[in-house]
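# Structural overview for review
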Amino acid sequence: MQKKDRKQPAVAQILPQLIRESGWETQLDLHSVFASWRRIVDSETAGHCRPLKIRRGVLWLEVENSAWLQQLRFQKHHLLETINATLKKSSLQDIKLKLPEGKNPAEAVKTRSIRFIPPPPDEVAAFERQISFIEDEECREALLRFWYLAHACRRE
C-alpha cells in the first residue's frame, strides 16, 4: 500500500486561523503594547515607566518616581490616544499609574503578580531570524508577539 504524499499545512497558514477561531486577536493586539512600548512612546518616557498589565481595557503603568507620576497624569489622555492609534483590533479605555512597590514586606502586601521583563534584544533578534521564513507578515508578527509575551511575562 502506497501512502499518498500529503503536504502538511505550514504554521503560517494555521496560526492566523487558530488565533481568529480562539478569539485571541483582540488580546494579542492589546498586548502588543508590551512588545512595542519603546516605539509607541518617546525614549524619555519609556525610560521612566513601563507597562505592567492590562485588565478590563485598562493599561497599568509602573512609574519610576512621584515626579514622573505627576508628569504622566498630565499627559495621560495624549498617551492613551497615542497607544490606541497603534492598535488595530482593540483599544484601551484608561491608563492607571502606580509607583513601584517597596522591597520591604512591611511596606506592601505581597501578592503574586505577573511582571513584564523584556527579553534581551539578542534573544528577540535570534527568534526573529528563526521565524523569518514565514512569508505571511501578519502571521510572523503574531507569532513574534506570542513568543515575546511568553518570555517577558513572569510570575513573582
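These remarks concern the structure in this document. None of the values given here were measured: they were computed from a predicted structure.

### Comments concerning helix α2 (residues 25-40)
The terminal C-alpha atoms of α2, which comprises 16 residues, lie only 20 Å apart, well short of the 22 Å expected from a rise of 1.5 Å per residue. Of all the bends in α2, the largest measures some 55 degrees and sits at F34. Buried within α2 are the following residues: L28, D29, L30, H31, S32, V33, F34, S36, W37 and I40.

### A look at the pattern of salt bridges
Within the structure shown, the criterion is met by three salt bridges. With a closest N to O distance of 3.1 Å, K76 and D94 form a salt bridge. Taken together, the residues span a long stretch of sequence, with K76 in helix α4 (residues 66-86) and D94 in strand β3 (residues 94-98) at a distance of 18 residues. Here K76 falls in the partly exposed class, since its relative accessible area comes to 23%. The closest approach of N and O atoms between K96 and D94, which form a salt bridge, is 3.7 Å.

### Overview of the packing of aromatic side chains
In this description, an aromatic ring pair is defined by two values, namely the gap between the centres and the angle between the planes. For the structure on display, the rule yields one aromatic pair. When the ring of F127 is compared with that of W147, the centres are 4.7 Å apart and the planes differ by 10 degrees; the resulting orientation is stacked. With F127 in helix α5 (residues 121-130) and W147 in helix α6 (residues 137-152), this pair connects stretches of sequence that are 20 residues apart. By the burial criterion, F127 is buried, and W147 matches it.

### A look at the pairing of strand β1 (residues 49-55)
In this sheet, strand β2 (residues 58-63) lies alongside β1 in antiparallel orientation, the contact comprising six bridges. If you follow R55 over to β2, its bridge partner there is V58.

### Points about the sheet that holds β1
Each strand in a sheet pairs with another by means of backbone hydrogen bonds, the pair being arranged parallel or else antiparallel. Pairing is mixed in the open sheet, where three strands are placed in the order β1-β2-β3. Of all the strands in the sheet, just β1 and β3 have a single pairing partner and so form its edges. If you compare each strand with its neighbour and ignore which way they point, the axes differ by 25 degrees on average. On the sheet, α4 packs against β1, β2 and β3 and is oriented at approximately 155 degrees with respect to β3.

### Brief notes about the side chain of D94
A polar contact is formed between the side chain of D94 and the side chain of K76, at a distance of 3.1 Å. Apart from the residues lying within four places of it in its own chain, the contact partners of D94 are G57, V58, L59, K76 and L80.

### A short note on the packing of α2 against α4
Contact pair α2 / α4: the axes reach a minimum separation of 11 Å and the direction vectors enclose 120 degrees. If you check the angle between α2 and α4, you find them oblique. Considering only the axes of α2 and α4, their crossing is right-handed. Contacts between α2 and α4 involve V33, W37 and I40 on the former and, on the latter, T82, I83 and T86. When its residues are assigned to classes, the contact of α2 with α4 shows four nonpolar, two polar and no charged.

### Things to note about the environment of E141
Among the structural elements, E141 can be located in helix α6. Judged by relative accessible area, E141 falls into the partly exposed class, the value being 36%. Separated by 13 residues in the primary sequence, E141 and E128 have C-alpha atoms spaced 9.2 Å apart.

Procedures and definitions
Residues numbered from 1 in each chain as written. Predicted model: local features only at pLDDT ≥ 70, side-chain atom pairs only at ≥ 80, totals over all residues. Heavy atoms only, no water. Helix = DSSP H or I, 4+ residues; strand = E, 2+ residues; numbered from the N terminus. Expected span 1.5 Å × (residues − 1). Bend = angle between axes of the 7 residues up to and from the residue. Buried < 20%, exposed > 50% of the residue type's maximum accessible area, 1.4 Å probe, protein only. Salt bridge = Lys/Arg side-chain N within 4 Å of Asp/Glu carboxyl O. Phe/Tyr/Trp six-rings, centres within 6.5 Å; stacked < 30°, edge-to-face > 60°. Pairing = 2+ DSSP bridges. Axes fitted to C-alpha atoms, helices over the stretch in contact; angles between N-to-C directions. Contact = heavy atoms within 4.5 Å. Polar contact = N/O pair within 3.5 Å; in protein donor to acceptor, adjacent residues only side chain to side chain. Parallel < 35°, antiparallel > 145°, perpendicular 65-115°, else oblique. Left-handed = near helix turned anticlockwise from the far one by under 90°. Nonpolar A, V, L, I, M, F, W, Y, C, P; charged D, E, K, R; others polar.

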